[in-house]
Amino acid sequence: MFYKVLFLLTCYNLYRSGKSFIKENVTVKDGRTAEISTGAYISFGMTVLFYVMVLAICFIPSIFAYV
């Protein structure tokens with residue numbers, strides 16, 4: 001049960017982080033998207049990496065259950 005709740009919260013927070021990244025960093029001028037700084041990409045990449053690690057922790061017990 002703990003891992004299911006952790007999985008759902010992780011997916012929800014990853015969705016919110018992606019949505020806020022787009023809202024804060026992506027701007028449209030004259031029908032074209034403006035450039036996004038490299039620091040913003042690195043920051044978002046580290047956030048995604050963190051959530052992928054948490055998701056891996058959620059899936060490890062299920063992997064061991066089948067072995």
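Treat the numbers as computed from the prediction; the structure is a model and nothing was measured.

### Here we look at the state of the cysteines
Phase 1 of the analysis: Tallied over the full model, the rule gives zero disulfides.
Phase 2 of the analysis: As a non-bridged cysteine, Cys11 has Cys58 as the owner of its nearest cysteine sulfur, 7.9 Å distant.
Phase 3 of the analysis: The class for Cys58 is buried, based on a relative accessible area of 8%.

### A look at the packing of aromatic side chains
Phase 1 of the analysis: Under the defined criterion, the tally for this structure stands at five aromatic pairs.
Phase 2 of the analysis: Pairing Phe21 with Tyr41 gives two aromatic rings, centres 6.4 Å apart and planes at 45 degrees, and the pair type is tilted. Highlighted residues: Phe21 in helix 1 (residues 2-25) and Tyr41 in helix 2 (residues 38-65), separated in sequence by 20 residues.
Phase 3 of the analysis: The class of Phe21 is buried, set by a relative accessible area of 12%.
Phase 4 of the analysis: Since its relative accessible area comes to 49%, Tyr41 is described here as partly exposed.
Phase 5 of the analysis: Members of the aromatic cluster, each reached through a chain of ring pairs, are Phe21, Tyr41 and Phe44.

Here is what the cut-offs are and how they apply
Residues numbered from 1 in each chain as written. Predicted model: local features only at pLDDT ≥ 70, side-chain atom pairs only at ≥ 80, totals over all residues. Heavy atoms only, no water. Disulfide = S-S within 2.5 Å. Buried < 20%, exposed > 50% of the residue type's maximum accessible area, 1.4 Å probe, protein only. Phe/Tyr/Trp six-rings, centres within 6.5 Å; stacked < 30°, edge-to-face > 60°. Helix = DSSP H or I, 4+ residues; strand = E, 2+ residues; numbered from the N terminus.

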